[in-house]
Amino acid sequence: MKKMYLVLFSALAMTTAKAQNKYNLLVGTYTNTCKSNGIYVYEFDSNSGDFKLKNSSENVVSPSYLSVSANNKFIYAVNENGLQSAVSAFAYDSPTGKLKLINTNASLGADPCHLINDDKNVIVANYSGGNIAVFKKNADGSITEGQQLIQHEGKGPNEARQEKAHVHMVVFSPDKKFVLANDLGTDKVFIYKYNPGASHEILTLKSTVDVKSGSGPRHLTFSKDGKYVYLLQELDGTLTTFSYDKSGSLKLLKETNIIPKDFKGANSSAAIKISPDGKFLYVSDRGDVNSITVYTILKDGSITKVEQVSTQGKGPRDFAIDPSGNFLLVGHQYTNEIVIFKRDKTTGKLTGTGKKIELCSPVGLVFTKI
């Protein structure tokens, strides 16, 4: 009997370990450049790097960026479609990967490009609209019509790209007391006090931080301990390090640049992510560069370059590190593929696996539990 229990326990342990190695990879795409159903769900094995398609949405217009609810039951997507842009809520069954559209509302600004959510609100960055829209969440996961709209004003020195405000990202502070918004058009980071339970005044402006003129702030990420913020600027490849305190204040510490010194050609910096253990920082650049740069994060928040590698495709608009930290997956908007890299947890370095997911215009990558 003892032996039987031992066998059953071993089998259960193996099954649990196997389950913990599997995650869902959600991919948002553009649907106006090639054939795409919208959102795709893949099962990803963090031991082997293998993958298989589980499900996809149907007839969803350009759900480029995605945000998953904390309980893993709902997905929120921007529908990037010019003046007809919208925000959609989906029911999400992680074991099967099935998605069911709950409802859609106008985004209140053209070309939404990023969004976040918590248990009360969905907050959207409208790029061409130059504004932030806030939607309340209902108990069934659906979203209300927009309850707050904050319009940014201003421009920058780059006449082609900074002719007006362009909100590119919204992100919660680690304690959820603030929302930070990067505005590519005005070269500013806006810091808003967050009042989640409010009906309409959900975000109130606390302060703004000016960054390098003409740099075009795009995406940022917090260090794992919440003491530092790393901001990637799209137009000139600047990577800025700030200290951050719990009062919602940013202090500039250092600026560096991710573009090779001898490089000649177009650049277009894109995504920035930190490894699950908080030890390494990764940034991507598109244009003619098509690279990912790896940095070590030191205890004082400063960064040291480890390497810069080709992403093996064109247009690395987004990438994601699986929760185990074993692999980094790069979505290429222009060559229609997700390239899978093995990641060395000790050095942070990336090695090509030769594996890739063929997919129309991948834009946003998110891992979830199954």
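Let me sum up the structure you'll find in this document. Predicted model only: the values in this text are computed from it and were never measured.

Basis of the calculations
Residues numbered from 1 in each chain as written. Predicted model: local features only at pLDDT ≥ 70, side-chain atom pairs only at ≥ 80, totals over all residues. Heavy atoms only, no water. Helix = DSSP H or I, 4+ residues; strand = E, 2+ residues; numbered from the N terminus. Rg over C-alpha atoms; globule rule 2.2 N^0.38 Å. Contact = heavy atoms within 4.5 Å. Pairing = 2+ DSSP bridges. Axes fitted to C-alpha atoms, helices over the stretch in contact; angles between N-to-C directions. Salt bridge = Lys/Arg side-chain N within 4 Å of Asp/Glu carboxyl O. Core = buried A, V, L, I, M, F, W, Y, C linked by side-chain atoms within 4.5 Å. Buried < 20%, exposed > 50% of the residue type's maximum accessible area, 1.4 Å probe, protein only. Polar contact = N/O pair within 3.5 Å; in protein donor to acceptor, adjacent residues only side chain to side chain. Disulfide = S-S within 2.5 Å.

### Focus on the overall build of the protein chain
Summing up its helical and strand segments, the protein chain has one helix and 28 strands in all. Its C-alpha radius of gyration of 20 Å places the protein chain within 12% of the 21 Å reference for a compact globule of 370 residues. When the backbone C-alpha atoms are referred to their principal axes, the protein chain occupies close to 75 × 50 × 45 Å. Once local pairs closer than 6 in sequence are excluded, the contacts in the protein chain between residues at least 24 apart make up 47%.

### Focus: the sheet that holds strand β6 (residues 86-93)
An order of β4-β5-β6-β7 is seen for the four strands of this open sheet, with the pairing classed as antiparallel. Here the strands that pair on one side only, and so sit at the sheet edges, are β4 (66-68) and β7 (98-106). When strand polarity is set aside, the average angle formed by the axes of neighbouring strands in this sheet is 20 degrees. As judged from the six bridges shared by strand β5 (residues 74-79) and β6, these two strands associate in the antiparallel manner. Its bridge partner lying in β6, I75 is registered against F90.

### Some thoughts on the pattern of salt bridges
Overall, the coordinates contain ten salt bridges when judged by the stated rule. Ionic pairing is found between E234 and R218, a salt bridge with its closest N-O pair at 2.9 Å. Linking E234 in the loop between β17 (228-233) and β18 (238-245) with R218 in strand β16 (residues 217-222), this pair joins segments that are 16 residues apart in sequence. Notably, a salt bridge pairs E234 with R286, separated by 3.3 Å at the nearest N-O pair.

### Quick word on the nonpolar core
Within the largest apolar cluster, 16 residues are counted, with the highest numbers of intra-cluster contacts made by I123, I132, V170, V179 and L203. Going through the elements one at a time, β9 (121-126), β10 (131-137), β12 (167-172), β13 (178-183) and β14 (188-194) are the ones with two or more residues in this core. In this structure V170 touches H114, L115, I116, I123, V124, A125, I132, V179, L180 and A181, once residues within four positions along its chain are discounted.

### Observations regarding the environment of Q333
Position of Q333 among the secondary structure elements: in the loop between β25 (327-332) and β26 (337-343). In this structure the C-alpha to C-alpha distance between Q333 and G313, which are 20 residues apart in sequence, comes to 8.8 Å. In contact with Q333, other than residues within four places in its own chain, are Y30, K314, G315, R317, S361 and P362. A polar contact of 3.1 Å, which involves the side chain of Q333, links it to the side chain of R317.

### Here we look at the state of the cysteines
Within the structure shown, the criterion is met by one disulfide. Between the sulfur of C34 and that of C360 lies a disulfide, 1.9 Å long from S to S. Disulfide C34-C360: torsion about the S-S bond near 95 degrees, hence right-handed. Placement of C34 in the loop between β1 (22-29) and β2 (39-45) and of C360 in the loop between β27 (350-358) and β28 (362-369) is noted, with a sequence separation of 326 residues between them. Relative accessible area serves as the criterion here: at 7%, C360 is assigned to the buried category. Here C113 stays free of any disulfide, with the sulfur of C360 as its closest cysteine sulfur at 19 Å.

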